[in-house]
Every structure is written in structure tokens, then in C-alpha cells.
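Working through the structure, step by step
So you can see what is in the structure, the chains are spelled out below.
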Amino acid sequence: MLDKNGIAKRIAKEIKDGYYVNLGIGIPTLVANFIPDGIQVVLQSENGLLGMGPFPYEGEEDPDLINAGKQTVTYLKGSAVFDSAMSFGMIRAQKIDLTILGAMEVSEYGDIANWKIPGKMVKGMGGAMDLVASAKNIIVAMQQVNKAGESKLLPKCTLPITGLRCVKKIVTELGVYDIHHEGGFILRERAPGVTIEQIQKSTAGTLIIPGDVPEMVID
Amino acid sequence: MINKVVKNADEAIKDIQDGAVLMLGGFGLCGIPENLIAALLKKGVKNLTCISNNAGVDDFGIGLLLKTRQVKKMISSYVGENDEFERQLLSGELEVELIPQGTLATRCMMAGYGIPFFPTPAGVGTEVAQGKQVVHHRGKDYLIEEAFDSDFALVKAWKGDTAGNLIYRSTARNFNPLMAMAGKITIAEVEILVDAGELDPDQIHTPGIFVHRIFQGEKYEKRIEQRTVRKKS
């Protein structure tokens, strides 16, 4: 089974040289720590920054320079800042190669819910609805099972939807899945030490098992 | 050259009345009009509708106006940092319209560009689509979203001149230039106010035509919401 860093590490393998990448809040943010050597990526932060650098050294924080998670960050060589409309122009016009998001639920058709629990929690969608409506390549990083032990990979989302039929790939603590265009979670890889039975038990939606499913390799 | 300078924040907001619709620049606490918010708090105007990406935190930014119950309605995209906000929302004391961040930004931009509505794919098939017209274009659905109609835009820039020209700094730019263009009356507070002619025309982000009043803020706390650092190795 993978921890949060393991999920982030596995997703980092999906990043290709030259990509512009938008990372959501939570596990997706961790992906930045595992980008393989020799691969150049530019991180976009939707508040209006391209070329997001690491956290500043202590004492060098600049309140005017933050990321979409409101964390203090730094510039890199080649960074650029811009207003929020231009930022979502980049997103809508599909200039971003890869979007990595967290989710509360994903359906077997690739629908995603991640912004609201009616009556309990209302944080808002932020940029997520714009991202999922336009992104050409969305990977979801999430825990497959909630604290009550219930699967979050569902036949149909029960929470208010963020976007329909938009998720392409999901990485959880148990495995890697692609979404089948006619519905279903295609199991591509098992997390180290995880059995098909465990995965089956933790998947409420249709699970498609294409023959022998390899154990994932992360280092 | 027309002089747009007013003495201070109190004078700048003197005609903002109860029930006004305001746009407030900033993302989180970054690039918010601190001095104007303080002046609204002092004046005690009520029943405000605030268009702002976030609602501040419990004790800073728009959060201050929520605490005093001066806000009737918030139009925002993300409000996760403010417990008082969530409490007022869940109890029904505060009216809230949550909209996608890109839609929020573009509804500001379109107001500034004089375009009354625009299509966007964000929110199709979600709660956000309720009551909205959907258009189908080349195989894809889009929601029709309207440009914002606001009484005042309150923005914060880094530098400004007496003609109302503005320059923003780093990611404190965010929604500020969009809202500056969108307000029926736009009020800008700046960290550094200079005479017209001292800013390089090539570097201006918001031309003075969009700005009606400008002043240099008394002081800036520029609070950091998430102070994240690394150690020198």
C-alpha cells in the first residue's frame, strides 16, 4: 500500500520533459518533490504564476509571491506572473499539458466530485471546475477508501459534481486505474503488496482487470 | 493631466452606501486592499455584496467585515480558510454564490472589456449550471455567464501615479487589474504614489482611465496566510 508520498512518486512518473503542469492542493502538491532528474517541467499556479519555485529560505518569504495554496514560494529562472483571467486563459485554451487534482469521489465514467459536502463542508471549487472542464489530461491523486472504509471509486458520484467525464487516470494507495470510455476502472497496476482481492473490495464501481496486472515499480 | 488623488481611504469610500455591490481584489490575503477594508469597517456600511475570490481569514481581510456582519452576500470561488464564513454560510445567515475561479476572473474581465456575456465550459453538468443558458458549439456544451455589474471596485497596486496608472507586483496582481477595469467607480490604494510622468508608460498594467480615485495606503501589514519555508542546507 502506498502512503501520500508514494502516490505522488508514482504520479511523477507520468510527467514528461517539457510539460506545463498544474498541481492541485494536497497530495498533488507533493508531486513537485519527485520529478525525475533530467526532466524539465514548468509548474503553473492558477493565481497567476508560471515557473513556480520551491519554498523560500527562512527569512526570505515575500507576501506578494504565493501559489494557489496561498503558500509562500519563489521564482525560478524564466518565471512569469500574470493576472487571473490570463491564467485561466492558459487553462481553457489547453496550454497546460497535465493537471493533477485531488478528489473526494470519482465515478467509473470519469466524473469527479471535490468541492462540497452538502450541509457539512463548503470550501468552494476554486479553479477546479475550470481545470476539469478544459484540461486535456487529468490525473486524480486520492485515497481510494474513506475513513469509514467506504470506496470512493463509485458507479456514480454521490456528492455534487465538479466536472463530467473528465478524469483519465487515477492513482490511489492501492493501484493505478484508467477510465474506460464506456464506464469502468481499468486496473493497470497494483501498489506494492496489494492483492486484486483487496482492490476489488475497495472498488464500488465496475473494476476491469485486463489479465495479469503488474505490481507498480517505484523507487 | 486629471488628478485622481484623494487624501486617504476614508475619503475614497465616503460615498459607498449600505447595500453597495463591491469588487475587492486579492487572492487569499495577497494583494488585498487592506486600507479600504479597514475604512469600510470603520464606516460601518452594511448589507454589502462582495465579489472577491476569497473571503479573507477570521481576523483579516474580508473576514473582518464578516465578523461585524456588514456583508449580506459573498460571490467567491473558494472560502476554505475562514471558519466564521463557513459558520454563517451553513447557518444561512450569509448569502453565498460560489463560482469557478476562471469564471469569476472572466466575469470581471468582460465587464472591463464591455462584453455582456460569454460562453465557458466550466460548470457544465454541475450545480453551477442551474438556471443558466447552455449553448452547444462544435460538439461541446458551454454555459453562458454574465459580466459582473458592480458599483465600486476596490483594488490594491504596488505603484501608482496621480493620473491613476497602476503597476502591480508579483502574484499580488491576481484579480486586481481585472476588477480595476470593471468597477463603475474604481478606487485604487497603492504602496507608492508618484507624480504623473514618473512611471514608464511601457510598464503600466492598468491605464489611469479605469481608475477614479487613488491614494497611498497608510501602512501595509501584508499578512502571509501560509508561511512555508525551507532550511538552508
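Above: the structure in question.
Below: a short report on this structure. Quick caveat: nothing in here was measured; it's all calculated off a predicted structure.

1. As for the overall build of chain B
Check the secondary structure of chain B and you find 6 helices and 11 strands. Overall size of chain B, expressed as C-alpha extent along the three principal axes, is 55 × 50 × 40 Å. A total of 233 residues make up chain B; the buried ones form 57% of that total. Partitioning the intrachain contacts of chain B with sequence separation of at least 6 by distance along the chain shows that 73% fall at a separation of at least 24. For chain B, the accessible area works out to roughly 10,000 Å², and carbon and sulfur atoms hold 49% of it. With 28 positive and 30 negative side-chain charges, chain B shows a spacing of 3 Å between the two charge centroids.

2. Re the interface of chain B and chain A
You'll often see interface size given as the accessible area lost when the parts meet. Contact residues are listed per partner, giving 51 residues for chain B and 50 residues for chain A. Of the roughly 4,300 Å² buried between chain B and chain A on both sides combined, carbon and sulfur atoms contribute 57%. In this assembly, chain B and chain A are joined by 7 salt bridges. One salt bridge connects K222 of chain B with D64 of chain A, and the closest N-O pair in it is separated by 2.8 Å.

3. Topic: the sheet that holds strand 6 (residues 105-107) of chain A
Residue and element names in this part refer to chain A. Judged by pairing direction, the sheet is mixed, and its 3 strands sit side by side in the order 7-6-11 without closing on themselves. Because the sheet does not close on itself, it has two edges, and the strands there are strand 7 (112-113) and strand 11 (153-154). In this structure, strand 6 lies alongside strand 11, joined through 2 bridges in parallel fashion. Bridging from a neighbouring strand, S107 pairs with L154 of strand 11.

4. Some remarks on the sheet that holds strand 7 (residues 140-146) of chain B
Residue and element names in this part refer to chain B. Taken in spatial order, the 3 strands make up an open sheet running 5-7-6, and their pairing is antiparallel. The strands lining the two open edges of the sheet, one partner per strand, are strand 5 (117-120) and strand 6 (134-137). Strand-to-strand twist of the sheet, defined as the mean angle between neighbouring strand axes without regard to direction, takes the value 35°. Here 4 bridges tie strand 5 to strand 7, and the two strands are oriented antiparallel to one another. Bridge pairing in strand 7 links T120 to L143.

5. What to know about the packing of aromatic side chains
A full pass over the atoms with the stated rule returns 1 aromatic pair over all chains. Ring plane angle 80° and centroid distance 6.4 Å describe the contact between Y177 of chain A and F185 of chain A, whose orientation is recorded as edge-to-face. By relative accessible area, F185 of chain A is classed as buried at 0%. Seen from the ring of F27 of chain B, K70 of chain A lies directly overhead, with NZ or CZ sitting 4.6 Å from the centre. Taking the ring centre of Y57 of chain A as reference, the NZ or CZ of R230 of chain B above it sits at 4.0 Å.

6. Brief notes about the packing of helix 3 (residues 84-92) of chain A against helix 5 (residues 101-113) of chain B
Put simply, helix 3 of chain A and helix 5 of chain B touch, their axes get as near as 8 Å, and they point 125° apart. The pairing of helix 3 of chain A with helix 5 of chain B is recorded here as oblique in orientation. Judged by the sense of rotation from one axis to the other, the crossing of helix 3 of chain A with helix 5 of chain B is left-handed. Residues S84, A85, F88 and R92 of chain A of helix 3 of chain A pack against Q101, G102, T103, A105, T106 and M109 of chain B of helix 5 of chain B. Residue classes in the contact of helix 3 of chain A with helix 5 of chain B are distributed as 4 nonpolar, 5 polar and 1 charged.

7. Digging into the nonpolar core
Ranked by internal contacts, the top residues of the largest apolar core, which has 52 residues, are V106, V140, I170 and Y177 of chain A. Discounting chain neighbours no more than four positions away, the residues touching V140 of chain A are I11, L101, A103, V106, I112, V167, K169, I170 and V171 of chain A. Within the second largest apolar cluster, 41 residues are counted, among which are L24, I32, L48 and V57 of chain B.

8. A closer look at unusual backbone geometry
Residue and element names in this part refer to chain B. One non-glycine residue, R69, lies in positive phi territory at about 60°. Structurally, the position occupied by R69 is in the loop between helix 3 (62-67) and strand 3 (71-76). At S170, a position not held by glycine, the phi torsion is positive, near 50°. Summarising the element assignment, S170 is placed in the loop between strand 9 (166-167) and helix 6 (176-182). For S170, a relative accessible area of 10% puts it in the buried group.

9. Details of helix 5 of chain B
Residue and element names in this part refer to chain B. Taking 1.5 Å per residue as the helical rise, helix 5 with its 13 residues ought to reach 18 Å, and the 18 Å between its terminal C-alpha atoms agrees with that figure. Counted residue by residue, helix 5 has 10 buried out of 13 residues, so it is predominantly covered. Three or more residues of helix 5 are buried, namely Q101, G102, T103, L104, A105, T106, R107, C108, M110 and G112. Looking one or two residues beyond helix 5, the residue adopting positive phi is G114, at roughly 75°.

10. Observations regarding the pattern of salt bridges
Counted under the stated rule, the structure contains 28 salt bridges over all chains. Measuring nitrogen to oxygen at the nearest pair gives 3.5 Å for the salt bridge that ties K232 of chain B to E60 of chain A. With one member in each of two chains, K232 of chain B in the segment after strand 11 (213-216) and E60 of chain A in the loop between strand 3 (49-52) and strand 4 (75-81) form a pair that bridges those chains. Given a relative accessible area of 58%, K232 of chain B falls into the exposed group. Here K73 of chain B makes a salt bridge to E97 of chain B, at a shortest N to O gap of 3.2 Å. Linking K73 of chain B in strand 3 with E97 of chain B in strand 4 (residues 95-98), this pair joins segments that are 24 residues apart in sequence. In this structure E97 of chain B comes out as partly exposed when scored by relative accessible area, which is 26%. A cluster of three or more residues bridged by salt bridges with shared partners is formed by D62 and D64 of chain A together with K156, R169, E191 and K222 of chain B.

Calculation notes
- The numbers attached to residues start from 1 for each chain and follow its sequence in the written order.
- Chain letters start at A and ligand numbers start at 1, both assigned in the order the entries are written.
- At least 70 in pLDDT is required for a residue's local features to be given in this predicted model, at least 80 for side-chain atom pairs to be given and counted, and no such filter applies to totals for whole chains, interfaces and linings, which use all residues.
- Working from all heavy atoms in the structure, the side-chain values ignore hydrogens and water.
- In DSSP terms, a helix is any run of H or I states spanning at least four residues, a strand is any run of E spanning at least two, and both are numbered starting from the N terminus.
- Type-normalised accessible area, obtained with a 1.4 Å probe on protein chains alone, sets the label of each residue: buried when under 20%, exposed when over 50%, and partly exposed for intermediate values.
- We call two residues in contact whenever any of their non-hydrogen atoms come within 4.5 Å of each other.
- Residue burial considers only the protein chains on display, and all accessible areas are found by Shrake-Rupley using a 1.4 Å probe.
- The charge count includes Lys and Arg as positive and Asp and Glu as negative, but it does not include His or the ends of the chains.
- Charge coordinates come from a single atom per side chain, which is NZ of Lys, CZ of Arg, CG of Asp or CD of Glu.
- Throughout, the accessible surface (probe 1.4 Å) given up by two parts as they are put together, summed over both, is called the buried area.
- In the sections that follow, a salt bridge refers to a side-chain nitrogen of Lys or Arg positioned within 4 Å of a carboxyl oxygen of Asp or Glu.
- Strands are treated as partners if at least two bridges between them are detected by DSSP.
- Axis lines are fitted to C-alpha atoms, over the contacting stretch for helices. Their N-to-C directions set the angle, which ranges from 0 to 180 degrees.
- The aromatic pairing rule takes the rings of Phe, Tyr and Trp, using the six-membered ring of Trp, and pairs them if the centres are within 6.5 Å, calling planes under 30 degrees apart stacked, those over 60 edge-to-face and the rest tilted.
- Put simply, a charge is over a ring when the Lys NZ or the Arg CZ is close to the ring centre, within 6 Å, and near the line of the ring normal, within 35 degrees.
- Every angle not falling under 35 degrees, over 145, or within 65 to 115 is termed oblique; those three ranges are roughly parallel, roughly antiparallel and roughly perpendicular.
- Should the near helix be turned anticlockwise from the far one by less than a right angle, the crossing is termed left-handed; should it be turned clockwise, right-handed.
- Classification used: nonpolar for Ala, Val, Leu, Ile, Met, Phe, Trp, Tyr, Cys and Pro, charged for Asp, Glu, Lys and Arg, polar for all others including Gly.
- Here, the term nonpolar core denotes a set of buried Ala, Val, Leu, Ile, Met, Phe, Trp, Tyr and Cys residues that are joined through side-chain atoms within 4.5 Å.
- Multiply 1.5 Å by the residue count of a helix minus one, and that product is the helix's expected span.

Take it as geometry only, folks, not as evidence of what the structure does.
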